[in-house]
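As a plain string of letters, each chain reads:
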Amino acid sequence: MALPVLKAADFASDQDVRWCPGCGDYSILAQMKKVLPELGVPREKTVFISGIGCSSRFPYYMNTYGMHSIHGRAPTFATGLKATRPDLMVWVITGDGDALSIGGNHFIHVLRRNVDLNIVLFNNRIYGLTKGQYSPTTNEGQVTKSTPMGSIDHPLSPLSVALAAEATFVARSLDAHVKHLGMVLKRAAEHKGTSLVEVYQNCNVFNDGAMAYAQEKKQRADNVVELEHGKPLVFGKDNEKGIRLMGNHLQIVERSEVPDDDLLIHDEKDPNPSIQMMLARMRYPTMPEPIGVLRDVEGVATYNDQINDQVKLARETRGEGDLQKLISAGDTWVVK
Amino acid sequence: MTTKDVKSVTGITVRLAGDSGDGMQLLGTQLTNTSALAGNDVATFPDFPAEIRAPRGTRAGVSGFQVQFAKEEIFTPGDTLDALVVMNPAALVTNIGDLRKGGILIANDDGFTDKDFKLAKVDANPLEATVINDSYRLFRVNMTELTRKAVSEHGLSPKVADRCKNFFAMGLVYWLFGRSLDPTLRFIEAKFGKKPEVASANEAALRAGWAYGETTEAFGESYQVEAAELEPGTYRNIMGNQALALGLVAASKLSNKELFYGTYPITPASDILHELTKHKNFGVRTFQAEDEIAAVCATIGAAFGGTMAVTASSGPGIALKAEAMGLGMMLELPMVVVNVQRGGPSTGLPTKTEQSDLLQSMFGRNGESPLPIIAPRSPADCFDMAIEAWRIAVECMVPVMLLSDGYIANGSEPWKLPEMAELPEIVVSHPEGADSDEPFLPYLRDENLSRPWAIPGTEGLMHRVGGLEKQHETGNVSYDPANHQFMVQTRANKVAKIAERIPEQDVVGETSGDLLVVSWGGTYGACLTAVRRCQEAGHRVSHAHIRYLNPLPRNIGDLLKSFDKVLVPELNMGQLRMLLRSEFLVDCIGFNKVQGKPFSVSELIEAIESHLPSAVPA
Ligand SMILES: Cc1ncc(C[n+]2csc(CCOP(=O)(O)OP(=O)(O)O)c2C)c(N)n1
Ligand code: SF4
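Criteria and thresholds
Residues numbered from 1 in each chain as written. Chains lettered and ligands numbered in written order. Predicted model: local features only at pLDDT ≥ 70, side-chain atom pairs only at ≥ 80, totals over all residues. Heavy atoms only, no water. Helix = DSSP H or I, 4+ residues; strand = E, 2+ residues; numbered from the N terminus. Contact = heavy atoms within 4.5 Å. Buried area = accessible area lost by both parts, 1.4 Å probe. Salt bridge = Lys/Arg side-chain N within 4 Å of Asp/Glu carboxyl O. Polar contact = N/O pair within 3.5 Å; in protein donor to acceptor, adjacent residues only side chain to side chain. 1 Å grid on protein atoms, 1.4 Å probe; cavity = no way out; pocket = protein on both sides within 12 Å on 5 of 7 lines; lining within 4 Å. Points joined across faces, edges and corners; volume = space filled by probe spheres on them. Nonpolar A, V, L, I, M, F, W, Y, C, P; charged D, E, K, R; others polar. Buried < 20%, exposed > 50% of the residue type's maximum accessible area, 1.4 Å probe, protein only. Near = heavy atom within 4 Å. Areas by Shrake-Rupley, 256 points an atom, 1.4 Å probe, with all protein chains shown as cover. Expected span 1.5 Å × (residues − 1). Phe/Tyr/Trp six-rings, centres within 6.5 Å; stacked < 30°, edge-to-face > 60°. Lys NZ or Arg CZ within 6 Å of the ring centre and 35° of its normal. Axes fitted to C-alpha atoms, helices over the stretch in contact; angles between N-to-C directions. Parallel < 35°, antiparallel > 145°, perpendicular 65-115°, else oblique. Left-handed = near helix turned anticlockwise from the far one by under 90°.

Novice: Teacher, can you tell me more about the side chain of Thr144 of chain B here?
Specialist: Tracing the backbone through its elements, the reader meets Thr144 of chain B in helix H5 (residues 143-151). Residues within four places of Thr144 of chain B in sequence aside, it is in contact with Asn108, Asp110, Asp162 and Lys165 of chain B.

Novice: Would you take a moment to explain the interface of chain B and chain A for this structure?
Specialist: Put simply, an interface is often sized by how much accessible area is lost when its parts join up. In this complex, chain B contributes 71 residues to the contact, which on the side of chain A involves 56 residues. Both faces considered, chain B and chain A share a buried interface measuring about 5400 Å² in area, 61% of it formed by carbon and sulfur atoms. It is Asn281, Met462 and Arg464 of chain B that lose the most area in chain B upon contact with chain A, and together they represent 14% of the buried surface on that side. When the shortest N-O distance is used, the salt bridge between Glu290 of chain B and Arg113 of chain A registers 2.8 Å. Applying the counting criterion to the chain B and chain A interface returns 31 residue pairs in polar contact (both at pLDDT 80 or more).

Novice: Can you walk me through the layout of surface pockets in this structure?
Specialist: Empty space among the atoms can be located by rolling a probe the size of a water molecule over them. Residues and elements named next belong to chain B. Quantified by volume, the largest pocket comes out at close to 1500 Å³. Considering the residues around the largest pocket, the lining is formed by 50 residues, among which Thr29, Met239, Gln242, Asp271 and Asn410 are closest to the centre. Of all the secondary structure elements, the ones that give two or more residues to the lining of the largest pocket are helix H1 (24-37), strand E3 (41-47), helix H8 (182-192), strand E9 (233-239), helix H10 (240-254), helix H11 (270-276) and helix H16 (406-410). If you tally residues by element for the lining of the largest pocket, the top one is H1, at nine residues. Its residues placed into classes, the lining of the largest pocket shows 23 nonpolar, 19 polar and eight charged.

Novice: Mind showing me how you'd approach the pattern of salt bridges here?
Specialist: Opposite charge on two side chains permits pairing when their charged atoms draw close. Evaluated as defined, the whole model comprises 45 salt bridges over all chains. Measuring nitrogen to oxygen at the nearest pair gives 3.3 Å for the salt bridge that ties Asp22 of chain B to Arg56 of chain B. Pair noted here: Asp22 of chain B is in the loop between strand E2 (11-19) and H1 and Arg56 of chain B is in the loop between E3 and strand E4 (62-70), with a separation of 34 residues, a long-range link. On the accessibility criterion, Asp22 of chain B (9% relative accessible area) is buried. Arg56 of chain B gets classed as exposed once you look at its relative accessible area, which sits at 52%. Three or more residues are tied together by salt bridges with common partners; here these are Arg315 and Glu320 of chain A together with Lys253, Glu258 and Arg285 of chain B.

Novice: Would you mind going over the site of ligand 1 with me for this structure?
Specialist: Within the structure, ligand 1 sits among 17 residues, and Cys54, Asp96, Asp98, Gly128 and Leu129 of chain A are positioned closest to it. In this structure, ligand 1 sits where chains A and B come together, each supplying nearby residues. Measuring from an oxygen atom of ligand 1, one finds a backbone N or O atom of Ser55 of chain A at 3.1 Å. Measuring from an oxygen atom of ligand 1, one finds a backbone N or O atom of Asp98 of chain A at 2.7 Å. Relative to its unbound accessible area of 590 Å², ligand 1 is 77% covered by the protein chains. The residue makeup of the shell around ligand 1, split by class, is six nonpolar, eight polar and three charged.

Novice: What should I look at first to understand helix H6 (residues 178-190) of chain A in this one?
Specialist: Three- or four-residue spacings in an α-helix give side chains the same orientation, since the helix completes a turn every 3.6 residues. For H6 of chain A, which comprises 13 residues, the first-to-last C-alpha distance of 18 Å matches the rise-based estimate of 18 Å (1.5 Å per residue) to within 8%. Residues of H6 of chain A that are buried include every one of His180, Leu181, Gly182, Val184, Leu185, Ala188 and Ala189 of chain A, and no others.

Novice: Is there a simple way to explain the packing of aromatic side chains in this structure?
Specialist: We describe a pair of aromatic rings using the distance from one ring centre to the other and the angle between the two ring planes. Per the counting criterion, the structure on display carries 22 aromatic pairs over all chains. Between Phe383 of chain B and Trp415 of chain B, the aromatic rings sit 4.8 Å apart at their centres with planes inclined by 50°, giving tilted as the arrangement. One end of the pair, Phe383 of chain B, is in helix H15 (residues 381-396); the other, Trp415 of chain B, is in strand E16 (residues 412-416), with 32 residues separating them in the sequence. Each member of the pair, Phe383 of chain B as well as Trp415 of chain B, carries the same accessibility label: buried. Arranged with centres 5.5 Å apart and planes meeting at 20°, the rings of Phe591 of chain B and Phe599 of chain B form a pair that is stacked. Looking at Phe599 of chain B, the relative accessible area reads 7%, which means it is buried. What links up through ring pairs into an aromatic cluster is the set Trp19, Tyr26, Phe48, Phe58, Tyr61, Trp91 and Phe122 of chain A. In this structure, Arg113 of chain A packs its charged tip against the face of Tyr303 of chain A, placed 6.0 Å from the ring centre.

Novice: Honestly, the packing of H10 of chain B against H15 of chain B in this entry has me stumped. Any pointers?
Specialist: The geometry of a pair of packed helices is captured by two quantities: the angle between their axes and the separation between those axes. Residues and elements named next belong to chain B. Direction vectors running N to C along H10 and H15 enclose 40°, while the axes themselves pass 7 Å from each other. On the basis of the axis angle, H10 is oblique to H15. Crossing hand, H10 versus H15: right-handed. Facing H10, whose interface residues are Gly240, Ala243, Leu244, Leu246, Gly247, Leu248, Ala250, Ala251 and Leu254, H15 presents Cys382, Phe383, Ala386, Ile387 and Trp390.

This is the structure in structure tokens:
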């Protein structure tokens, strides 16, 4: 029997979407619904697990299985589910506060374990749901509801954290760049192991335009480098600028002045994350920020495969457990 | 066999005490197993310092293991000691108070040097003290030296050779109490078989200890405890945590489910993890998470997926799990949350026992968040209660709290092996897929008020769960005030209804009288023994031991009201008493102890008698 062909609309639940009008979350939801039918995974085999925050309402809007869990812990629920049900496609939906503040610990550990699931981190550099406090990704000096004199925290880069945890798939996209976002989500889904996609998401109520330098089409060309595996890093309206590696630094060069052979060629497959880490550290306004897939390393064993392989191996070598034998093990005696 | 006189006795209580590096726990465990194999009833109480290696020879570093073995059925490791074995002065001064007058005191004389006196902060050799010599039957044995001689041919370094002295002590103790060396010889072979020189040295030390008892003039007689008259069946000796782990594996088999165990190491719960990891061929998956929050959340994830899901910790970790447990209650997913209690608050007394997390289990979550709570009463009972916890969890689609404690977890007793084929199946059903477009109702309830356990992967049953209040039946997010009240009430009713399906409270003794002793958890043995003694003395005292704490058995209110007085001994400041008083308006009297130690039978008898109409029975 041929599988029924699903459309984006089939993945919509019957619940009203309640984000603020104009919120970047809508576009991510739309792209997700568009990408899922292309993956060929049945709806009932798809699970969305989220933490708490505006973005974490996401599972309610999907006609799949879903769990809206507690703040920061979505990766752990997903780990337990995937470890026991490797047949399911599991997505984790989280925000910058959710994943990096309260959930920072779990974020690191799910990545280092390489559980085969996909994390989509909606980064609006603010706490949306609790109405506008600064988050771990808020720029230094920014005035928010909880930082009237400007934030004094140094911001965290989710991509750097992920690379430090030796994540096997690390990518970034933009809510407004829908085609690119769709492409990245699809690649994340196809990756075996934990994939992290950071999506710049505009919170037009509490942090409007925080990433306008990357989001707005006009500015994007000069402030963003679109990474492509095997291709040199070029950007600018007419691709007139490039990035090269000089010693231990990345440097912006004019292509008219430097031969293309000198430009850095992007290698997302490099198991050594050092250069990928340098890309993750490129930050506006001194450098253009990379979008696309920074790292996609295959062949690293996943946690779910390993936990299930051990069970399989134990059964093969010792046979299916016999409870009567187990409880009678060791020294026993008989009372007549 | 021994040629000296053998004196027959009904029971013996021995404590072995030494430095935490001396192998006292090993010695105690061996003596216990050997005694159990000899058919005695046994009960144990290991007691060790929280520091892994407290400074050698100091009072803080004393590690003890107490075992009572008897020809009669016993329920406690005993109050006063018949025999005490001490390896150094620190062990002597911290334990001698528990040795009965005229009891046997065996000391490793080589451990009583000036240096050891300093470490133990004693002025002179306590073995020379007249009170010690007058009050007890003291045997001074040069264990270190005798051990060195016994193992000299085995080519071990002096340090390794000295480590064998616990086997020498074991041999001597075995001789004294007529125990067979065979089980321990088998143990040595299994444990040290890969290091033949260590195995043979330990064997030599063990035999030398035995021979010392047999040949030396010092010991006039040895003691023999006949086999106990236990119910017919096959037995093994089992520790609480081990029984709990096996109970979980059994529950998974009985429900035809694989087991997921998410946890983070903590004393005294870790041994459950250690045991479960051995049984992967039963479909057991263990997850050592990054913290307790991750552990419980992964457990909920596994439960959502349709697996038998269990998490365990001790009080501090349970505190961290609180938010997620509330979610588990809202999601109405079945799982078991084990709390092996220890002395609190905060990090408290990590290696000592207490029963002070009952109110945490009842109320330690935000909002109206009732959960069923059950508690095993003894090491072997952990097996049954683990199965019972999972049965309630699936019948009611709810996380169930299983409250063990350090005393049960590390204690051991003979366990009559159940016939697995005779244990009732735990029926689990998942709704089948539907290919209609009718929306699935994830919060439709059955006669138990349970919702269906629909699992991902099932066609047509797609649904979303979460911690936001949900609409009755549809499970959709709902802020409707009346719905919230209805759902809060429904969840409470669901837990309350469990009372219909658990046994009524049983009583040891008459169902009315002067005094009812009400206990729960690990104080069972001491309370039962104390009540029985009082009954034998002619008092109108009965005992009710509660294993189902929330909801309480349906007849318990009437029972409390049928006695003139109710005494509730607890190793906390009165937590069950508070619940009983508020629920039944019965003025229960508390008897409370928080010293990190279990109750002794004698202090309970004293407490009971102090509340009886006449202190001395007619
Ligand atoms: C344990 C706990 N602490 C705090 C909160 C309050 N809270 C809800 S969402 C949130 C921050 C969300 O920020 P982010 O993850 O950036 O998500 P956004 O709303 O911006 O999508 C906080 C602090 C909570 N729900 N639970
Ligand atoms: S507060 Fe911000 S993030 Fe939340 S829904 Fe509104 S716009 Fe979106």
